[in-house]
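Here is what each chain is made of, one letter per residue.
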Amino acid sequence: MPKVKFLPANVVFDVKAGESILDIALNHGVPIQHACGGFCACTTCHCEVMEGQSNLEAPDSDELERLEVLDDRRPNSRLSCQSKVKGDVTVFIVNQE
């Protein structure tokens, strides 16, 4: 069972493979913004993958387009609503609620 660690909250959860980082955060009370409700229509659920980038499904073209407009984009930026977990990851939530 994959583990997802959320920073800066410094909490870890066992999760099912295939769940999005956003859904995991919401299901476990981790504060994260998500203005569009997880439909890849905004960038408020921006997170930075600190460890385990290869343990997420690859970004699709819609996510890549959204990431291009981020002012604070980082090398390992992802949208948590589009990031489906395949293995252990550590993510930093950029926009907390």
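Everything below is about the structure shown above.
This write-up is about the structure you can find in this document.

Cut-offs used in this document
- Residues numbered from 1 in each chain as written.
- Predicted model: local features only at pLDDT ≥ 70, side-chain atom pairs only at ≥ 80, totals over all residues.
- Heavy atoms only, no water.
- Pairing = 2+ DSSP bridges.
- Helix = DSSP H or I, 4+ residues; strand = E, 2+ residues; numbered from the N terminus.
- Axes fitted to C-alpha atoms, helices over the stretch in contact; angles between N-to-C directions.
- Buried < 20%, exposed > 50% of the residue type's maximum accessible area, 1.4 Å probe, protein only.
- Contact = heavy atoms within 4.5 Å.

### Some details on the sheet that holds strand E2 (residues 11-14)
1) Next: The mixed open sheet is built from 5 strands, whose spatial order is E2-E1-E5-E3-E4. The open sheet has two edge strands, E2 and strand E4 (77-79), and neither has a second partner. Strand after strand, the sheet turns through a mean of 35 degrees between neighbouring axes, direction not considered.
2) Next: Bridging between strand E1 (residues 3-7) and E2 involves 4 bridges; their strand directions are antiparallel. Residue pairing across strands places Phe-6 opposite Val-11, the latter belonging to E2.

### Description of the environment of Thr-44
1) Next: With respect to the helices and strands, the residue Thr-44 is situated in the loop between helix H1 (21-27) and strand E3 (46-51).
2) Next: The exposure class of Thr-44 is buried, given its relative accessible area of 19%.
3) Next: Each C-alpha atom of the pair Thr-44 and Ile-32 lies 8.2 Å from the other, and the pair is 12 residues apart in sequence.
4) Next: Contacts of Thr-44, omitting those with residues within four sequence positions, involve Gln-33, His-34, Ala-35 and Asn-95.

### Overview of the pairing of strand E5 (residues 89-93)
1) Next: Across the 5 residues that make up E5, a large majority, 4, are buried.
2) Next: Note: E1 against E5, 4 bridges, orientation parallel. Among the inter-strand pairings, Phe-6 is bridged to a residue of E5, identified as Val-91.
3) Next: As judged from the 4 bridges shared by E3 and E5, these two strands associate in the antiparallel manner. Following the sheet pairing, Glu-48 is matched in E5 by Phe-92.

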